[in-house]
Amino acid sequence: MSLDLPTCFCKTYKRMDIRMGITFFFISMILSLVLVLIVAQIWFSRSRNRYLNFYLMMGFMSSIWTLLNGLSGIVGAATFQILLYIQMTLVCCLPFMMVLYIMHFVNFPLANSRVITVVLFALMLGDVLMLWTNPVHMLFYSSFTPTGRGKYGHLFWLHSAITYGVLAAALLMLVVHVVRHFKSNKHLLWILLGSSVPLLVNVLRVLHLFRIDDYDLTPPGFTVMISIYGLFSIRFGLFNLKRAASANIFDTLSECFLVVNNLGVVEDVNPSFLRAFPSLSVIPNRTLLSDINEYMRAITVAYTPTDLFSRISTPDERIDDCEYSVDLGGGQFRSYALTKDIILRRGKAIGYVITLSDISNYKRIIEEKEAASRSKTEFLANMSHEIRTPMNAIIGMSAIARGSSDLKQIQDSLTKIDTASHQLLSIINDVLDMSKIEANKLELHCEPFNLSAMLAHCRDMLIDRVNAKKQRFTCAVDEKTPLSLVGDSLRLSQVVLNILSNAVKFTPEHGEIRLDVYPLSVSESMSVIRFSIVDSGIGMTEEQLSRLFTAFEQADGSISRRFGGTGLGLAISKTIVELMGGSIRAESTPGKGSAFTFEVTVSIDGETRTDEAADGETELLLDLDFSGRTILLAEDVEINREIIITLMQDSGAAIECAVNGEEAYTLFAAAPARYDMIYMDLQMPVMDGFTATKMIRALPDARAKSVPILAMTANAFEEDIKKCLNAGMNDHIAKPIDIGILFKLTAKHLNNQTKR
């Protein structure tokens, strides 16, 4: 199909009066250049967003359209035909760019929808295609017929409906926006007037009130309109990303915002405020701050200062020291910190922003920290009491023993000193265990053990206390329970002893305590074993049970005063049980007793230890004759040296002492064959035990590589033991020294030396 202009139009075309044509050409060129300058200034503002891009495309199209329109008055018919096709293409595109721009200008909800953008661009391309397949559009200037001309003449009406429908939608959105915000921003009137220029020009032309033959005033009208848009946007920073970011922050921050003008009318509110107070209806530009104040007064349960609400309503007063709590119903209480900032424009207050920051979580955290601080303060007081009690016994019994000549009384004092010492050591171990738990460093060790032997050991540890209170203690192990297990028997017995100790402590005389052990599941290699400990003690309330396994707390503050205890045992037990793949829980009734139940997952020991091996171990423990052996003791504290020498005096071993690591190294380096074993303290002046051990191991003598070195130190954490082994030591003995462990490890390593 030919795209030439209709013959009737070409024949009627005549060039405009040359003077008039030049005049309007320069007018068109000036308007186009002004718009180009505005577009260029916006382009070089270095702010890039969709809003800006649509304006740039709209400004470019309008300036080209206006320039070509002015040029058409001074060119020939052939050139005019080409310019007209370009102009009409721009006319098809311009309304769609305008509606996209207006959608962003008025913050239309679907402005950023990709679907809407794609649909509008598709309509724009369809409109251009209808233009290029429909020559009837050119007949506006000559012989227009209602039915159109050519094969696609009827598409004229569809094209017109789409074009004017899009323009009408854009103008409608703009008018609604201006009406809504005119009170707060009267400058929007310029946008409305600018948008009316093209419409006004066409109306005047149709009514023959203002018309220039052979010259279309619509392009200059659009150029004036788009120039006004650009100047307005530059003036108010609408292309500034900072403003767009501020709007985004306003909508997404968790703080609640109210924007209020000097007349007390809420002009804007962010979604967080609406979510925080769902029963409060806030309509921008209609809701009064006084209405919100009344609502807040009704639900507020506490606030500071006392004149809070009157200060909120005072337009020119800033607020930064207010706090209040509200009852939202349904058991929901929230606390807010309130601030009020004045909005200034050119030095004058035009309104203010009220910000509500939810501080409920902060207050809860502070209260929890204060509660934790109180718990730790109470714990330290209890701990002081718990430590001083055995210390008082140790010091007191020592004084009695020193001042007595009665051997029976001295023996009794020493027995009580030994009991108090173990009690003090137990307290220290609990504190160390708790520090490991808080540092996430509590570890389990897996080794074969016999469950019956472990339970018998727990019973032996408690039997004297049970007999003293004339309590009845029974232990029942289900016959299906596997007894040869692999796991951390020391930690498992620690849990059992913690719970049994509490049962003995809180059960009155003639009460009953029962321990039941039975399997929940048994396979070839694993078993889940349940331990149930029931007593007829004083019992606990629900509130006490809720704090039972919390560190530094006991069921009741009075418990520690009546029965003693650090409040760490059950918290440590809970951690150990969970590390063993189980869980622990308690049930209790005040005055009737308590029931503790926990499960652990352990491996079943598939290997049977021979009698020969057992006899060998027994022989090792009984072989305490170290005659002919010389042991080098590196220890800087004199009393510690005296204790070791005294403990070993009946073993037959000769003990030689060094007061620091350097002296120990010198003595050994001078006569390596002289020493059969070294007891090495770690923290010593001049040279520590780690350095001394490494230097001894580095000696060229073969004896330096094989001599057993036992770390003897108060550093009893697992990482300390690993550090000792990595330094070249053979074993570790924790202070205070347990004589049984000392003899066992000494015999073990001296016997190994003999075998070599």
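Residue numbers here run from 1 along each chain, matching the order of that chain's written sequence. Since the coordinates come from a predicted model, pLDDT governs what is reported: local features require at least 70, and pairs of side-chain atoms require 80 or more to be given and counted, while whole-chain, interface and lining totals use all residues. Excluding hydrogens and water, the side-chain values take into account all heavy atoms of the structure.

(A) Geometry of the packing of helix 16 (residues 489-506) against helix 19 (residues 569-579). Two elements in contact, helix 16 and helix 19, have axes whose closest approach is 9 Å; the angle formed by their N-to-C orientations is 145 degrees. Here helix 16 runs over helix 19; the crossing is left-handed. Residues Arg491, Gln494, Val495, Asn498, Ile499 and Asn502 of helix 16 form the contact with helix 19, whose participating residues are Gly569, Leu570, Ile572, Ser573, Ile576 and Val577. Its residues placed into classes, the contact of helix 16 with helix 19 shows 6 nonpolar, 5 polar and 1 charged. Only the contacting stretch of a helix is used when fitting its axis, a line to C-alpha atoms as for every element, and angles between N-to-C directions run 0 to 180 degrees. Strands here are runs of E lasting at least two residues and helices are runs of H or I lasting at least four, both read from the DSSP assignment and numbered beginning at the N terminus. For a crossing to be left-handed, the near helix must be turned anticlockwise from the far one by less than a right angle; the clockwise case is right-handed. It only takes one pair of heavy atoms within 4.5 Å for two residues to be counted as in contact. Think of it as three bins: nonpolar holds Ala, Val, Leu, Ile, Met, Phe, Trp, Tyr, Cys and Pro, charged holds Asp, Glu, Lys and Arg, and polar takes everything else, Gly as well.

(B) The arrangement of the packing of aromatic side chains in detail. Here is the rule: rings of Phe, Tyr and Trp (six-membered ring for Trp) pair when centre to centre is within 6.5 Å. Planes less than 30 degrees apart are stacked, more than 60 are edge-to-face, and the remainder are tilted. All chains considered together, the criterion is met by 13 aromatic pairs. Seen in terms of ring centroids, phenylalanine 277 and tyrosine 336 are 5.6 Å apart; in terms of plane orientation they differ by 40 degrees. Their pairing is tilted. With phenylalanine 277 in the loop between helix 10 (271-276) and helix 11 (289-299) and tyrosine 336 in strand 5 (residues 332-345), the pair connects residues that are 59 residues apart, well separated along the chain. One exposure class covers both phenylalanine 277 and tyrosine 336, and it is buried. Between phenylalanine 549 and phenylalanine 596, the aromatic rings sit 6.5 Å apart at their centres with planes inclined by 80 degrees, giving edge-to-face as the arrangement. Placement of the pair is phenylalanine 549 in the loop between helix 17 (542-546) and helix 18 (557-563) and phenylalanine 596 in strand 13 (residues 593-604), with a sequence separation of 47 residues. Burial classes follow relative accessibility: with a 1.4 Å probe on protein chains only, a residue under 20% of its type's maximum area counts as buried, one over 50% as exposed, and anything between as partly exposed. According to the relative accessible area criterion, phenylalanine 549 is buried, its value standing at 19%. Residue phenylalanine 596 is classed as buried on the basis of its relative accessible area, which comes to 7%. Following the ring pairs from residue to residue traces out a cluster consisting of Phe273, Phe277, Tyr295, Tyr303, Phe309, Tyr324 and Tyr336.

(C) Expanded view of helix 23 (residues 689-697). Residues Gly689, Phe690, Ala692, Thr693, Ile696 and Arg697 constitute the buried set of helix 23. For helix 23, the angular spread of the buried residues around the axis is 165 degrees, confining them to a single face. The term polar contact refers here to a pair of N or O atoms within 3.5 Å; inside protein, the definition further demands a hydrogen-donor-capable atom paired with an acceptor-capable atom, and it admits residues adjacent in sequence only when both atoms are side-chain atoms. Taking the backbone nitrogen of phenylalanine 690 as reference, a side-chain oxygen 2.9 Å away marks aspartate 688 as the first, capping residue of helix 23. This arc is taken over the directions from the axis of the helix to the C-beta atoms.

(D) A look at the pairing of strand 16 (residues 677-680). Both faces of strand 16 are covered, namely the face carrying Met677 and Tyr679 and the face carrying Ile678 and Met680. In the sheet, strand 14 (residues 630-634) pairs with strand 16 via 4 bridges, with the strands oriented parallel. Opposite leucine 632, over in strand 16, you have isoleucine 678 as the bridge partner. Being paired, for any two strands, means DSSP has found at least two bridges between them. With 3 bridges connecting them, strand 16 and strand 17 (residues 709-713) associate as parallel partners. What sits directly across from methionine 680, in strand 17, is alanine 711.

(E) Seen up close, the state of the cysteines. Disulfide assignment relies on a single distance test, namely cysteine sulfur atoms paired within 2.5 Å. Enumeration according to the criterion identifies 0 disulfides in this entry. Not part of a disulfide, cysteine 93 finds its nearest cysteine sulfur in cysteine 92, a span of 6.5 Å.

(F) Local environment of the nonpolar core. What is meant by a nonpolar core is a set of buried Ala, Val, Leu, Ile, Met, Phe, Trp, Tyr and Cys residues, joined one to another through side-chain atoms within 4.5 Å. Among the nonpolar cores identified, the biggest contains 47 residues, and Tyr55, Met58, Met98, Ile102 and Tyr229 are the most heavily contacted of them. Contributing elements (two or more residues each) for this core: helix 2 (18-43), helix 3 (50-71), helix 4 (77-105), helix 5 (114-132), helix 6 (155-181), helix 7 (188-206) and helix 8 (218-235). At 15 residues, helix 4 tops the list of elements feeding residues into this core. In contact with tyrosine 229, not counting residues within four places along its chain, are Tyr55, Met58, Met98, Tyr101, Ile102, Leu174, Ile191 and Ser195. Of all hydrophobic cores here, the second largest spans 42 residues; its members include Met434, Met454, Met540 and Ile584.

(G) Local environment of the sheet that holds strand 6 (residues 348-358). Ordered by their spatial adjacency, 6 strands build an open sheet running 2-1-6-5-4-3, and the pairing between neighbours is antiparallel. Two strands in the sheet have a free side with no partner beyond their single neighbour: strand 2 (266-269) and strand 3 (300-304). The mean angle between the axes of side-by-side strands here comes to 20 degrees, regardless of whether they run parallel or antiparallel. As paired elements, strand 1 (residues 256-261) and strand 6 share 6 bridges and run antiparallel to each other. Residue pairing for strand 6: cysteine 256 is matched across the bridge by leucine 356.

(H) Highlighting unusual backbone geometry. In this model, threonine 304 is joined to proline 305 through a cis peptide bond whose omega is -5 degrees. With respect to the helices and strands, proline 305 occurs in the loop between strand 3 and helix 12 (308-313). In the segment running from lysine 735 into proline 736, the intervening peptide bond is cis, with an omega of 0 degrees. Examined against the element boundaries, proline 736 turns out to sit in the loop between strand 18 (731-734) and helix 26 (739-755). In the Ramachandran plot, lysine 470 falls in the positive-phi region, its phi being about 55 degrees despite a non-glycine side chain. Tracing the backbone shows lysine 470 in the loop between helix 15 (451-468) and strand 8 (472-477).

(I) Local environment of the pattern of salt bridges. In the sections that follow, a salt bridge refers to a side-chain nitrogen of Lys or Arg positioned within 4 Å of a carboxyl oxygen of Asp or Glu. The full count for this structure, using the stated rule, is 15 salt bridges. The closest approach of N and O atoms between lysine 363 and glutamate 323, which form a salt bridge, is 3.2 Å. With lysine 363 in helix 13 (residues 360-402) and glutamate 323 in strand 4 (residues 319-329), this residue pair connects regions lying 40 residues apart in the sequence. Take glutamate 323: its relative accessible area is 30%, and that puts it in the partly exposed class. Salt bridges here are not isolated pairs; linked through shared partners, they connect Arg530, Arg585 and Glu599.

(J) Geometry of the sheet that holds strand 17. Read from one edge to the other, the open sheet built from 5 strands follows the order 15-14-16-17-18, with strand pairing classed as parallel. Bordering the open sheet on either side are strand 15 (654-658) and strand 18, each of which pairs with just one other strand. With direction set aside, neighbouring strand axes in the sheet form an average angle of 25 degrees. Running over the sheet, helix 21 (residues 638-647) touches strand 14, strand 15, strand 16 and strand 17 and is turned about 170 degrees from strand 15.

(K) How the structure looks around the environment of leucine 67. As for its position among the elements, leucine 67 is in helix 3. Here the alpha-carbon distance between leucine 67 and threonine 223, two residues 156 residues apart in the chain, equals 10.0 Å. The residues contacting leucine 67, other than those within four sequence positions of it, are Phe25, Met29 and Ser32.

(L) Looking closely at the environment of leucine 515. One can find leucine 515 in strand 10 (residues 512-522). In this structure leucine 515 comes out as buried when scored by relative accessible area, which is 2%. Considered as a pair, leucine 515 and serine 532 are 17 residues apart in the sequence and their alpha carbons are 5.7 Å apart. Discounting residues that sit within four places of it in the chain, leucine 515 has contacts with Leu455, Phe473, Thr474, Cys475, Ala476, Val496, Leu500, Phe531, Ser532 and Ile533.

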